[in-house]
Amino acid sequence: MSRTEAPPLPEPLRVPVADSHTHLDMQDGTVEEGLARAAAVNVTTVIQVGCDVKGSRWAAETAAAHPSVHAAVALHPNEAPRIVHGDPDGWSRQGTREGGGSAALHEALAEIDALAALDHVRGVGETGLDCFRTGPEGMAAQEESFRAHIEIAKRHGKALVIHDREAHADVLRILADAGAPERTVFHCYSGDADMARICADAGYFMSFAGNMTFKNAQPLRDALAVAPTELVLVETDAPFLTPAPYRGRPNAPYLIPVTLRAMAAVKGLDEDTLASAVADNTARAFDY
């Protein structure tokens, strides 16, 4: 089996659900093909997430063109330091870039702010902190960007979509300090059960991705087990984090049923019950 070959379509869900976080612009095929495959297994809504100004514009345009797509717009935590300090390696698929300093960051944030005002943009994100890819020299830019996104989300009444990689304590600290928006979503939840209890107490949504099916992901399954069902979402983060048994092959929204069934087993719920809850939760989180 080729690692580049798309996994087969799973058995359709009986209850329609949403993929709360995907990157259609990074997946093979057209948007229409991706949405049709998803709809064939009853994944009827997707949240298309931007990671930079160009991707956020594309997310907003795609949501405007497709009723089943809602957009979230942001500068990814790793994008902020690249704007400020430059990107000599061309990591972000935009080629090598010179640093533009804080003026360039403010200019990019102003564009995100303008996109966030659009009606079909339902979220501000993915934003947050990433201590995995960005070293200490970039963390000030990340935090400045994160705080600006929190303010944008609150001003426009949009959901805040958080990317938290190896930065749990700092993300929670900044949310508490700045005051989290009314609807806050931890995308690709990566904390443990103790953090899930903290998020639950704060009313934060926790979105689980295909990595909760991985053999070494028991802490994620423990977190899911204690997360209140009314705060749980499901996502692909496609084309990344393809669920087992297809790990390493391309991910897409049509694989949501694989992850949702694994989640239902962890929570001791039948798949229809969890699918109904997740569908309601996603609509509530993103106010559609």
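Everything here concerns the structure above.
Procedures and definitions
- Residues numbered from 1 in each chain as written.
- Predicted model: local features only at pLDDT ≥ 70, side-chain atom pairs only at ≥ 80, totals over all residues.
- Heavy atoms only, no water.
- Helix = DSSP H or I, 4+ residues; strand = E, 2+ residues; numbered from the N terminus.
- Rg over C-alpha atoms; globule rule 2.2 N^0.38 Å.
- Buried < 20%, exposed > 50% of the residue type's maximum accessible area, 1.4 Å probe, protein only.
- Expected span 1.5 Å × (residues − 1).
- Arc of directions from axis to C-beta.
- Polar contact = N/O pair within 3.5 Å; in protein donor to acceptor, adjacent residues only side chain to side chain.
- Core = buried A, V, L, I, M, F, W, Y, C linked by side-chain atoms within 4.5 Å.
- Contact = heavy atoms within 4.5 Å.
- Salt bridge = Lys/Arg side-chain N within 4 Å of Asp/Glu carboxyl O.

Draft legend 1. Looking closely at the overall build of the protein. From N to C terminus, the protein includes 10 helices and 10 strands. Here the C-alpha atoms of the protein give a radius of gyration of 18 Å, agreeing with the 19 Å that 2.2 N^0.38 yields for 288 residues. Dimensions of the protein along its principal axes, counting C-alpha atoms only, are 50 × 40 × 35 Å. Across the 288 residues that make up the protein, the buried fraction comes to 55%.

Draft legend 2. Representation of unusual backbone geometry within the structure. The peptide bond linking G125 to E126 adopts the cis configuration, its omega dihedral lying at 15°. Looking at where E126 falls in the secondary structure, it is placed in strand β6 (residues 121-130). The peptide bond linking A238 to P239 adopts the cis configuration, its omega dihedral lying at 15°. The residue E166 is not glycine, and still its phi comes out positive at about 55°. Secondary-structure assignment places E166 in the loop between β7 (159-165) and α6 (168-178). Residue E166 is classed as exposed on the basis of its relative accessible area, which comes to 54%. For L241, which is not a glycine, the phi torsion comes out positive at approximately 55°. With respect to the helices, strands and loops of the structure, L241 is situated in the loop between β10 (232-234) and α9 (256-267). Among the residues examined, L241 registers a relative accessible area of 24% and is labelled partly exposed.

Draft legend 3. Quick peek at helix α10 (residues 271-286). Spanning 16 residues, α10 covers 22 Å between terminal C-alpha atoms, matching the ideal 22 Å at 1.5 Å per step. Taken together, the buried positions of α10 are E271, L274, A275, A277, V278, N281, T282, A285 and F286. Projected down its long axis, α10 carries its buried residues within an arc of 165°, all on one side. Where α10 begins, the side chain of D270 points an oxygen toward the backbone nitrogen of D272, at a separation of 3.1 Å. Looking one or two residues beyond α10, the residue adopting positive phi is D287, at roughly 55°.

Draft legend 4. Highlighting the nonpolar core. Among the nonpolar cores identified, the biggest contains 71 residues, and F146, L175, F186 and Y189 are the most heavily contacted of them. It is helix α4 (residues 101-116) that contributes the most residues to this core, 6 residues altogether. When near neighbours in sequence (up to four residues on either side) are disregarded, F186 contacts I162, D164, V171, L172, L175, M195, C199, Y204, F205, M206 and S207. Counting 11 residues, the second-largest nonpolar core is a separate cluster that includes V49, V161, L233 and A285.

Draft legend 5. Summary view of the pattern of salt bridges. Inspection of the entire model under this criterion finds 12 salt bridges. Note that R57 is salt-bridged to E111, the shortest N-O span being 2.7 Å. Separated by 54 residues along the polypeptide, R57 in helix α2 (residues 53-65) and E111 in helix α4 bring together distant segments of the chain. Overall, R57 belongs to the partly exposed group, its relative accessible area being 36%. The residue R122 makes a salt bridge to D119 at a minimum N-O spacing of 3.5 Å.

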